[in-house]
Amino acid sequence: MVRLTIGAFARASRLSAKALRRYDELGLLPPASVDAYSGYRYYDESQLERARLVAWLRRIGMPLADVHTVCDLSESDPGAAAQAVRAYWARVEADTATRRDLAFFLADQLTQLSREEPAMTQLAIRYAAKTDRGLVRETNQDAAYATSRLFAVADGYGGQGAAASLIAIDALREWEATTPAEQPSTRAGDLLNALEDAVLRANTALDESADSGTTLTAMVWTGSRLALVHIGDTRALLLRGGEVFHITHDHTLVQRMVDEGTLTREEADSHPQRALLLRALDGRETSARADLRLHEAQAGDRYLLCSDGLFSVVSDGAVQRVLASVEDPEAAVAELIALAHRAGGPDNIACVVADVVSV
């Protein structure tokens, strides 16, 4: 077996000698032998494959703990190692989407400060909101709320689910009541922090021991942008140019499995654990991390916020047809709920339709 000095091994593996010493300390890439007198490290040529894998995994930003797992799997089950890499990258993409949008927003704000903005078309929100018990459940634990400034849906669960969904929306209503409607654009970046604080207050108000909680999806109108706060599996969709776009990502076990490639979208729709939430407002700090995003609004945009009582039984195509063809928001909400009823209405239904219109 050919032995390489740490310098030669570093050049061959594209890892620095400093990194190799660090990986030795962590047990990730120990040398084949260490000279008892000089302390020099020597590596076998057979270790190059693992070392090069380490180098590539670090190049994509994978944390060392995950690198260790992938490298160990690569030696016993390469297929599982490949799946672990895909799962890591799916998490990276989900985590960076929110920061990407915030970065663009902040860049826009700084650009606006450097020059005088031209006159802009005045936009406003036209809206409708409604909840329905459905045809099977004895109680309604969904909540919906809409004004010209704030619209939200929440889907409670557990013995105190109805109270939980109202607590979530009330936290946002309290923020709305105490915050001036007109704020300078330079303060718009504070909006996401304020929404996050409201969500955390709602979570604190919930009883961790009650085995109850709620999802929440809400949007706040700033006059030209919509700020989104989202946790759980209620959803926000955007109809623009005749196409429907999902602008939220479910915080569920099956969605994570879809992201990781272990489950197809079709399999997820019928999975027995499709309602299992990974994030929600339930009084626990560990599960109350909401997604926060900003969206540029355009005249003609139509937003739908809804609970799973709608989208779990009504197809995306049917939802798109209603959003594209029923002009009045109240009529659109009524038709969407009617579609859920015609599909059996197995769950509570919450819908908000909000249109961006020129004024």
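These figures come from a predicted structure and were not determined experimentally. (Residues numbered from 1 in each chain as written. Predicted model: local features only at pLDDT ≥ 70, side-chain atom pairs only at ≥ 80, totals over all residues. Heavy atoms only, no water.)

Next up on the list: the overall build of the protein chain. Summing up its helical and strand segments, the protein chain has twelve helices and 14 strands in all. In terms of overall dimensions, the protein chain has a C-alpha envelope of 80 × 55 × 40 Å along the principal axes. Going through the 359 residues of the protein chain one by one, you find that 45% of them count as buried. Pairs at least 24 residues apart make up 66% of the contacts formed inside the protein chain by residues separated by at least 6 positions. For the protein chain, the exposed surface amounts to about 18,400 Å²; the carbon and sulfur share of it is 51%. Computed over 37 positive and 51 negative side-chain charges, the inter-centroid distance for the protein chain is 6 Å. (Helix = DSSP H or I, 4+ residues; strand = E, 2+ residues; numbered from the N terminus. Buried < 20%, exposed > 50% of the residue type's maximum accessible area, 1.4 Å probe, protein only. Contact = heavy atoms within 4.5 Å. Areas by Shrake-Rupley, 256 points an atom, 1.4 Å probe, with all protein chains shown as cover. Lys, Arg positive; Asp, Glu negative; His and termini not counted. Charge placed at Lys NZ, Arg CZ, Asp CG, Glu CD.)

Across the sheet, three strands lie side by side as S1-S3-S2; this open sheet has antiparallel pairing. Here the strands that pair on one side only, and so sit at the sheet edges, are strand S1 (3-5) and strand S2 (33-34). (Pairing = 2+ DSSP bridges.)

In spatial order, the strands read S4-S14-S13-S10-S11; together these five strands make up an open sheet with antiparallel pairing. Where the open sheet ends on each side, the last strands, each with one partner, are strand S4 (123-132) and strand S11 (243-246). Each strand axis lies, on average, 20° off the axis of its neighbour in the sheet, ignoring direction. As defined by bridge partners, strand S13 (residues 302-306) adjoins strand S14 (residues 349-358) across five bridges and the pair is classed as antiparallel. Note on S14: the bridge partner recorded for Leu-305 is Val-352. Sheet contacts for helix H12 (residues 329-342): S4, S13 and S14; angle to S14, the most-contacted strand, approximately 150°. (Axes fitted to C-alpha atoms, helices over the stretch in contact; angles between N-to-C directions.)

Here we come to the pairing of strand S5 (residues 142-146). Across the five residues that make up S5, a large majority, four, are buried. Inspection of the sheet shows S5 paired to strand S6 (residues 150-157) by five bridges, in the antiparallel sense. Bridge pairing in S6 places Asp-142 opposite Asp-155. The antiparallel hairpin formed by S5 and S6 contains three residues in its connecting segment.

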